[in-house]
Every structure is written in C-alpha cells, then in structure tokens.
Amino acid sequence: MNRRRLLTGLAGLGITGGSAWVALNGLSGNDGGLPRQVTTMRAPGSQSGSVQVPVSDTVTVIDLFATWCSPCAKQMRALTKAHDEYGDDVRFVSITNERIGGTLTKGDVRSWWKKHDGQWTLGLDPDSEVMSSLNAGGLPFLAVVDADGTIIWSDRGVTSIDTLRSKIEAAKQ
C-alpha cells in the first residue's frame, strides 16, 4: 500500500472521529454535565447575580428560549400557568443563549420577558453551555429535574400545561 494513501486515510479517520466527538460533546472543554452556574439578570421575578442549574434540593423546570423564537413565546403560556400553580414548591429557570450586545440589549430581553409574563429566574448562557449539557437540539426546550438533580424528562418544542404538570408531579415523587 502506498504510504501517502495510508496517511491520508488515517488523517480522514481522525477528522471524522474528531467531528463526531464535537457533535456529541460540544466544544466547551468541560465535562458537559449539569449542574452549571448561570448568570441571571434583573427582570420581573428575577434578580441580577447567578444561579446553579438545576437548583439544589428542589424540583427545577429548565426552559431554554430565545426572544426571536415564536414557539418560545407560546411556551411561556404553559410555564406561566405552571409557575402560578406551583409557586415556591418548584423552581423555574428560563435561560436564553442569545448574546447581549450589538443589536440585542438586556432591555430587549426584559421587554420580551415582561410581555410574556415571566415572573421567575431569568438566565443568560451566551456560550450555550446549558443547551449543550442538556443535548437540546433546538428551541424551545424544557427539562424537569428532580430534587436529587436527575433529569426526569426533557423535550424540544412547545409543551402543553397538562404534560408539564404531569412531568413536574413525577419529579416531586
């Protein structure tokens, strides 16, 4: 066998394997798992600072969204109902991976949040670390995590209030 062909074949395998690893694990250089620290912003129901996702020792609903995402706006209806029903018994954390600066400001995110009745923790994840950790393939994306930190359920797309309620109840058991 020609040595040049052998080296070309090995290089191709390395590139293919590396691409597959990045597709499965992302580029972040960390272990890819939860929990994660997320920067939070001041908005209705949210304070500026940071939060661990999922929140320790409590059922946590993690909502991944973007202000440009019309299905994400629809998802807010079920989240608002669930938040109103569960109150402090369940922690809700909505996280956008949009980058603040340029054409998008924190004021824009706050306006969207207020328009869609957000009243819980609002996080910023511009490097998409939480999205990568959850293997979310798109938006909107919801995950329900039990008090031990185990992901009970996750789904991409708009989820009904009935489904969200049933997943929260399963996580509370």
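The structure contained in this document is the topic of the report that follows. Within any chain, residue numbers begin from 1 and follow the written order of that chain's sequence. Only residues with pLDDT of at least 70 get local features here, since the model is predicted, and only at 80 or more are side-chain atom pairs given and counted; chain-wide, interface and lining totals rely on the full set of residues. Only heavy atoms go into the side-chain values, all of them from the structure, while hydrogens and water stay out.

### Regarding the packing of helix α2 (residues 70-86) against helix α5 (residues 161-172)
Where α2 meets α5, the closest approach of the two axes is 9 Å, and the angle between their N-to-C directions is 40°. Classified by the angle their axes make, α2 and α5 are oblique. In this structure, the crossing between α2 and α5 has a hand that is right-handed. Contacts between α2 and α5 involve A78, L79, K81, A82, E85 and Y86 on the former and, on the latter, I161, L164, R165, I168, E169 and K172. Every axis in this analysis is a line fitted to C-alpha atoms, fitted for helices over the stretch in contact. Angles between the N-to-C directions lie between 0 and 180 degrees. Under the scheme used here, helices are H or I runs from DSSP no shorter than 4 residues and strands are E runs no shorter than 2 residues, and both carry numbers assigned from the N terminus. Here the angle decides the label: under 35 degrees means roughly parallel, over 145 means roughly antiparallel, 65 to 115 means roughly perpendicular, and every other value means oblique. Here a crossing is called left-handed whenever its near helix is offset anticlockwise from the far helix by less than a right angle, and right-handed whenever the offset is clockwise. By definition in these notes, contact holds between two residues if any of their heavy atoms fall within 4.5 Å.

### Focus on the pairing of strand β6 (residues 141-145)
Summarising burial for β6: 5 of the 5 residues are buried, a large majority. Neither face of β6 is left uncovered, since the one carrying F141, A143 and V145 and the one carrying L142 and V144 both have all their residues buried. Strands were regarded as paired on the criterion that DSSP finds at least two bridges between them. Pairing geometry for strand β3 (residues 59-65) and β6, over 5 bridges, is antiparallel. Following the sheet pairing, T60 is matched in β6 by V145. Connecting β6 to the antiparallel partner strand β7 (residues 151-156) that follows it, the hairpin turn spans 5 residues, and G149 within it adopts a positive phi of roughly 90°. Each residue is assigned to one of three classes by its accessible area relative to the maximum for its type, calculated with a 1.4 Å probe on protein chains only: buried under 20%, partly exposed between the two thresholds, exposed over 50%.

### A closer look at the nonpolar core
To qualify as a nonpolar core, a set must consist of buried Ala, Val, Leu, Ile, Met, Phe, Trp, Tyr and Cys residues joined through side-chain atoms within 4.5 Å. Ranked by size, the top nonpolar core spans 46 residues in total, and within it V61, I62, L64, F92 and I168 carry the most contacts. Take this core: its biggest share by element is 7 residues, from α2. Leave out the neighbours within four places in its chain, and V61 touches L79, V90, R91, F92, V93, L142, A143, V144, L164 and I168.

### Concerning unusual backbone geometry
That bond from L34 to P35 is cis: its omega, 5°, falls within 30 degrees of zero. Relative to the assigned elements, P35 resides in the loop between α1 (3-25) and β1 (36-40). Omega for the bond connecting L139 with P140 falls within 30 degrees of zero, at -10°, which places this linkage in the cis form. Mapped onto the elements of the fold, P140 is located in the loop between α4 (129-133) and β6. With a phi close to 65°, D117 is a non-glycine residue in the positive phi region. For D117, the position within the fold is in the loop between α3 (106-115) and β5 (121-124).

### A short note on the side chain of S46
Mapped onto the secondary structure, S46 falls in the loop between β1 and β2 (49-53). In this structure S46 comes out as buried when scored by relative accessible area, which is 2%. Definition of a polar contact: a pair of N or O atoms within 3.5 Å, with one able to donate and the other able to accept a hydrogen when the atoms are protein atoms, and with sequence-neighbouring residues admitted only if both atoms are side-chain atoms. Among the polar contacts made by the side chain of S46, one reaches the main-chain carbonyl oxygen of M41 at a distance of 2.7 Å. Filtering out sequence-adjacent residues up to four positions away, S46 remains in contact with T40, M41, W120, T121 and L122.

### Here's the deal with the pattern of salt bridges
Any carboxyl oxygen of Asp or Glu within 4 Å of a side-chain nitrogen of Lys or Arg constitutes a salt bridge here. Per the stated rule, a full pass over the model turns up 4 salt bridges. The partner of R99 in a salt bridge is D127, with the nearest N and O atoms 3.2 Å apart. Here R99, found in the loop between β4 (90-96) and α3, pairs with D127, found in the loop between β5 and α4; they are 28 residues apart in sequence, far enough to count as distant. You can call R99 exposed: its relative accessible area is 55%. Several salt bridges share partner residues, and in doing so they unite E85, D162 and R165 into one network.

Scope: geometric values only; no functional claims are made or implied.
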